[in-house]
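Inside the fold
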Amino acid sequence: MTAVPHISGYTVRSMTEADTRELQSLFDADADYFGMAHDRPAASDEVEQIRKALPPDKSRSDKFVHLIIGEHGRIAALTDVIRGYPEPHIWYLGFLYLAKSARGQGLGRRALRALYDWVRANGGTALRLGVVEANAHARHLYATEGFVLQVIREPDPAVDRARRILVLQRIL
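Residues numbered from 1 in each chain as written. Predicted model: local features only at pLDDT ≥ 70, side-chain atom pairs only at ≥ 80, totals over all residues. Heavy atoms only, no water.

**Some points on the pattern of salt bridges**
- Taken as a whole and assessed by the stated rule, the structure comprises 16 salt bridges.
- Notably, a salt bridge pairs Lys 52 with Glu 48, separated by 3.6 Å at the nearest N-O pair. With Lys 52 and Glu 48 both in helix 3 (residues 46-52) and four residues apart, this pair spans about one turn of that helix.
- Given the relative accessible area of 56%, Lys 52 is considered exposed.
- Of the charged contacts in the structure, one is a salt bridge between Arg 164 and Glu 133, with a shortest N-O distance of 3.2 Å. Residue Arg 164 is located in the loop between strand 6 (148-153) and strand 7 (165-171), and its partner Glu 133 is located in the loop between strand 5 (126-132) and helix 5 (136-144); the two are separated by 31 residues in the primary sequence.
- Overall, Arg 164 belongs to the partly exposed group, its relative accessible area being 30%. (Salt bridge = Lys/Arg side-chain N within 4 Å of Asp/Glu carboxyl O. Helix = DSSP H or I, 4+ residues; strand = E, 2+ residues; numbered from the N terminus. Buried < 20%, exposed > 50% of the residue type's maximum accessible area, 1.4 Å probe, protein only.)

What follows is the structure, given as C-alpha cells:
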C-alpha cells in the first residue's frame, strides 16, 4: 500500500485527532460552501462525522483521510477516500475539500491527479464521487477531468442529503 498521494510543493499526510480544531475552524468559516452543499452551516462535529463515515460493509482500514498541507504548515485541503466501494476495483472519493484560501489556484485538479496515481498504485481502476448539482465549480472540474455521470441521487432528509447529488466516475 502506497502510504499517501504525492503533490509537488505540498505535504500530504493522514489526518490525526490533533488536526480536528484547525479543520473544524476552516469548516466553520466556510458558510457559503456548507450552505450550498448541505443547506446548513458546518455541524459542530463535522470533522468527527467525516472521520467516522463509512459505507455499509466497509471498515476503518478501507478509509483514508488525508490532509494537504500548504504554506506555513496550514491545511489547504482534505481528501476522504474509501477503498473498494461500491465494487472492489472502484475507490470512492467521499470528500474533496479546499480551504477558501486555496481555491482558484489549481489545487483541486492537482489533488485529483495525485489521487488517480495513488489509487492506481494501490490496485484501483476507477474513481467514483458524488458532487452537489449546485456546485458549478466542482462539476466543471470533474467534467474537464473526464468524470462521467453514473446516477442522480435526489434529496433525502432520511440520509442527511439536502441537495441533488450527481454520482460521477472516471476510469483510471
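Now that the structure has been shown, the text picks up again.
**Description of the side chain of Gln 169**
- Inspection of the secondary structure assignment puts Gln 169 in strand 7.
- Taking relative accessible area as the criterion, Gln 169 reaches 11% and is therefore assigned buried.
- At 2.5 Å, the side chain of Gln 169 forms a polar contact with the side chain of Arg 128.
- Not counting residues up to four positions away in its chain, the partners in contact with Gln 169 are Ile 90, Ala 126, Leu 127, Arg 128, Gly 146, Phe 147, Val 148 and Gln 150. (Polar contact = N/O pair within 3.5 Å; in protein donor to acceptor, adjacent residues only side chain to side chain. Contact = heavy atoms within 4.5 Å.)

**Concerning the layout of surface pockets**
- Approximately 250 Å³ is the volume attributed to the second largest pocket.
- Gly 70, Glu 71, Ala 76, Ser 101 and Ala 102 are, among the 13 residues lining the second largest pocket, the residues nearest its centre.
- For the lining of the second largest pocket, the secondary-structure elements that each account for two or more residues are helix 1 (20-28) and strand 3 (75-82). (1 Å grid on protein atoms, 1.4 Å probe; cavity = no way out; pocket = protein on both sides within 12 Å on 5 of 7 lines; lining within 4 Å. Points joined across faces, edges and corners; volume = space filled by probe spheres on them.)

**Considerations on the side chain of Asp 30**
- When you line up the elements, Asp 30 lands in the loop between helix 1 and helix 2 (31-38).
- Under the relative-accessibility criterion, Asp 30 is labelled buried at 0%.
- A polar contact of 2.3 Å, which involves the side chain of Asp 30, links it to the side chain of Arg 103.
- The contact partners of Asp 30, leaving out residues within four places of it in the chain, are Tyr 97, Leu 98, Lys 100 and Arg 103.

**Brief notes about the confidence of the model for the protein chain**
- On average, residues of the protein chain score 95 in pLDDT, and 100% of them are at 70 or above.
- The weakest mean pLDDT in the protein chain belongs to helix 2 at 91; the strongest belongs to strand 3 at 98. (pLDDT = per-residue confidence, 0-100.)

**Structural notes on the pairing of strand 4 (residues 90-98)**
- Taking burial as the measure, the nine residues of strand 4 include eight buried ones, the bulk of the element.
- When strand 3 meets strand 4, the two strands line up antiparallel, connected through six bridges. Across the sheet, the residue bridging to Val 81 is Leu 93, located in strand 4.
- Here strand 4 runs beside strand 5; their pairing, made up of four bridges, is parallel. If you follow Ile 90 over to strand 5, its bridge partner there is Ala 126.
- One crossover worth recording links strand 4 to the parallel strand 5 by way of helix 4 (residues 107-121), and it is right-handed. (Pairing = 2+ DSSP bridges. Right-handed = clockwise from strand over helix to strand, strands pointing away.)

**A few points about helix 1**
- Along helix 1, the residues classified as buried are Leu 23, Gln 24 and Phe 27. Along the long axis of helix 1, the arc covered by the buried residues comes to 100 degrees, so they all point the same way.
- Lining the buried residues of helix 1 we find helix 2, helix 3, strand 2 (63-69), strand 3 and strand 4. (Arc of directions from axis to C-beta.)

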